[in-house]
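Each chain, letter by letter, is given below.
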Amino acid sequence: IAEDAADLVEAEYEPLPPVVDPEAALEPDSPLVHEPLGSNLAYERTFTFGEVERDFAEADVVVKDRLRWHRSGAQPLETVAALASFDRGTGMLTIHTNSLTFTSYLFMMATTLKVPANKLDMHPHPAGGSFGSKFWAVKVAVIAGMLSKLTGRPVKYVEDRVDNISNSDHHGSDRVYDVELALMNDGTLKSLRVRVIDDYGAYIQFGVGHHGNALAQVTGPYRIGSVQYGLRAVLTNKCQQGAYRGFGSEVNNWMLERMVDLGARRLGMDPVEIRRRNFIPPDQFPYFIPTGNVYDSGNYEGVLDKAIELADYDHWRAEQRRLREEGRYIGIGVVTCQERSVFSATEFWFWFDEPTAPVTSMPESITLRVDATGNITATLYSCAFWGNSPETVVAQLVAEEFDIDPHEVSVIYAGSRDGLPATGPGGSRLTVMLAGAVEGAATRIKDKAFKVAAHLLEAAPEDLEWGDGGVQVKG
């Protein structure tokens, strides 16, 4: 009915010149997306880690390329929806929605809705597909909440496909790269120099954190000794960027692998050999890359060897040469990407000159409760089911800790009103963080169980062991 009514409204528009090219947006005569800002350049900074100038001066070869990564957007089958109900008597605004984040950014939504944060109660519902697009699905919930405050009645708002495509706030990266890679004649990678223009659309909702993700693994799996990373974040009349499939790091992997391939071609090296020669070896972990981020473990050569074996790489290289003599061409691509999991303080260079926290992550929480009959309930505080099934992960983790069947674990979700700090799935972090939370909570419960059992069994705690889902005397 609302859409039919909207069709009856006749609006007259005065077309203004759009800004859709990020490089053209930086020209002095470009129309401004936001005139009060006086510029379409929202952010500019160059970071230097290590002896970049020295490494380039000492290099035998420098390869250069200009690369273009176009934006994209997630279109999961399930759209975003919200049901909001404002109680004028208590001032409590209750919103049911299928966002993936509920507690970490609650204060921002409360400020937008002009309600105290302790009177905004968010209830999670199964999100369905996301691919980043529902990491912080704020717009639909805010619209429903505002309308409920205005009308004094519950309001349901479902974003349809047309709404999402034309107004999405979670587009992927949109970048223009000018890159230089310094190498030695033996294929050793010495330094990387990156200049990137990123088209953020009309607004910037996560700052330039996408590039923090990139800096967290900017050298990939390689022993590159220094990095210079220059960023210009540009405003245009496109939809804004958000969380999408790697959140900026996938583009960095693509850029780096293109440059490694270019270096191999210049030196006449096999793309497998140049990568193998530059891998961080297993005995050097934990390994700090130039930006300060730490890789805790890895066996890149082992993974590559397995991939080559499965792909029958040598056979296809021989086939490639044979077919080329017949005028037929087949392509063989090789990439070795580093994909970090869990946010780290070293991803926040773009807000601080030095990370203000140690190498750590934003929090995730869980509550484990054992009832009178020994059944365990796990309460989560971020997202409901979203395709990767945190319910299954948590049930399996709890079952391993307590030596029980996963089907015996009940998994539920708390709303934000009673929620502990939680960031939700983003940056490939949730399984890692939930595993740590489950282990921490399980350890506390088992410590308490051993004390109670020691009293009931009249045995010293060191004479007890955990087995068959409970505490028993050893042997």
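Residues numbered from 1 in each chain as written. Predicted model: local features only at pLDDT ≥ 70, side-chain atom pairs only at ≥ 80, totals over all residues. Heavy atoms only, no water.

1. Things to note about the pattern of salt bridges
Summed over all chains, the structure comprises 24 salt bridges. Residues Arg-54 and Asp-55 are paired through a salt bridge, measuring 3.1 Å at the closest nitrogen-oxygen approach. The class for Asp-55 is buried, based on a relative accessible area of 4%. Asp-199 is the salt-bridge partner of Lys-238, the closest N and O atoms lying 2.9 Å from each other. Of this pair, Lys-238 sits in the loop between strand E9 (226-234) and helix H7 (249-267) while Asp-199 is found in strand E8 (residues 189-199), placing the two residues 39 residues apart along the sequence. By sharing partners, the salt bridges in this structure join Glu-53, Lys-64, Glu-180, Arg-193 and Arg-195 into a single network. (Salt bridge = Lys/Arg side-chain N within 4 Å of Asp/Glu carboxyl O. Buried < 20%, exposed > 50% of the residue type's maximum accessible area, 1.4 Å probe, protein only. Helix = DSSP H or I, 4+ residues; strand = E, 2+ residues; numbered from the N terminus.)

2. Quick word on a nonpolar patch on the surface
A cluster of nonpolar side chains, contributed by Val-452, Leu-456, Leu-457 and Val-473, occupies part of the molecular surface with about 360 Å² of accessible area. Considering every element that reaches the nonpolar patch, the biggest residue donor is helix H12 (residues 430-457), with three residues. Within the secondary structure, Val-452 is located in helix H12. Val-452 gets classed as partly exposed once you look at its relative accessible area, which sits at 45%. (Patch = residues over 30% accessible without salt bridge, like charges linked within 9 Å, V, L, I, M, F, W, Y side chains within 5 Å. Areas by Shrake-Rupley, 256 points an atom, 1.4 Å probe, with all protein chains shown as cover.)

3. Focus on the packing of aromatic side chains
Inspection of every chain in the model, using the stated rule, returns seven aromatic pairs. Residues Phe-47 and Phe-49 carry aromatic rings whose centres are separated by 6.3 Å and whose planes lie at 0° to one another, so their mutual orientation is stacked. Exposure remark for Phe-49: the relative accessible area of 8% places this residue in the buried category. Here the aromatic rings of Tyr-222 and Phe-279 are separated by 6.0 Å at their centres, their planes lie at 0°, and the arrangement is stacked. Of the two residues, Tyr-222 sits in the loop between helix H6 (209-215) and E9 while Phe-279 sits in the loop between helix H8 (271-278) and strand E10 (287-288), which places them 57 residues apart along the sequence. Across the pair, Phe-279 and Tyr-222 agree in class, each one buried. What links up through ring pairs into an aromatic cluster is the set Tyr-222, Phe-279, Phe-285 and Tyr-300. (Phe/Tyr/Trp six-rings, centres within 6.5 Å; stacked < 30°, edge-to-face > 60°.)

4. Section: unusual backbone geometry
Residues apart from glycine generally show negative phi values, whereas peptide bonds are mostly found in trans. Between Phe-285 and Pro-286 the backbone carries a cis peptide bond, its omega angle lying at 0°. Tracing the backbone through its elements, the reader meets Pro-286 in the loop between H8 and E10. A positive phi angle is found at Phe-131, which is not glycine, with a value near 60°. In this structure, Glu-458 is a non-glycine residue whose phi angle is positive, near 50°. By the element assignment, Glu-458 lies in the loop between H12 and strand E15 (464-467). Given a relative accessible area of 75%, Glu-458 falls into the exposed group.

5. Quick notes on the nonpolar core
A general trend in soluble globular proteins is that nonpolar side chains are found buried together. Counting 46 residues, the largest nonpolar core has Tyr-177, Val-179, Leu-189, Leu-192, Val-194, Tyr-229 and Met-259 as the members making the most contacts within it. For this core, the element with the most residues is H7, which contributes seven residues. (Core = buried A, V, L, I, M, F, W, Y, C linked by side-chain atoms within 4.5 Å.)

6. Quick notes on empty space enclosed by the protein
A full pass over the atoms with the stated rule returns one cavity of 30 Å³ or more. There is about 150 Å³ of room inside the largest cavity. Elements supplying a minimum of two residues to the lining of the largest cavity: helix H4 (139-151) and helix H5 (161-167). Within the lining of the largest cavity, the residues separate by chemical class into seven nonpolar, six polar and six charged. (1 Å grid on protein atoms, 1.4 Å probe; cavity = no way out; pocket = protein on both sides within 12 Å on 5 of 7 lines; lining within 4 Å. Points joined across faces, edges and corners; volume = space filled by probe spheres on them. Nonpolar A, V, L, I, M, F, W, Y, C, P; charged D, E, K, R; others polar.)

7. Let's talk about the sheet that holds strand E1 (residues 41-49)
Hydrogen bonds along the backbone pair up the strands of a sheet, which may run parallel or antiparallel. Across the sheet, five strands lie side by side as E1-E9-E8-E7-E2; this open sheet has mixed pairing. This sheet does not close on itself; its edge strands, each paired only once, are E1 and strand E2 (61-69). Here the strands of the sheet are splayed against their neighbours by 5° on average, with no regard to which way each runs. Alignment of E1 against E9, held across eight bridges, turns out to be antiparallel. Considered in E9, the bridge of Leu-41 is made with Val-234. Where H7 meets the sheet, its contacts fall on E2, strand E7 (175-183), E8 and E9, and the angle it forms with E2 comes to roughly 140°. (Pairing = 2+ DSSP bridges. Axes fitted to C-alpha atoms, helices over the stretch in contact; angles between N-to-C directions. Contact = heavy atoms within 4.5 Å.)

8. A look at the packing of H7 against H8
Packed helix pairs are specified by the crossing angle of their axes together with the interaxial distance, meaning the distance between the axes. One can describe the packing of H7 onto H8 by two numbers: an axis separation of 9 Å at closest approach and a directional angle of 110°. Judged by the inter-axis angle, H7 sits roughly perpendicular to H8. Handedness of the crossing formed by H7 with H8: right-handed. Contact residues: Glu-257, Val-260, Asp-261, Gly-263 and Ala-264 in H7; Pro-271, Ile-274 and Arg-275 in H8. Tallied by class, residues from the contact of H7 with H8 come to four nonpolar, one polar and three charged. (Parallel < 35°, antiparallel > 145°, perpendicular 65-115°, else oblique. Left-handed = near helix turned anticlockwise from the far one by under 90°.)

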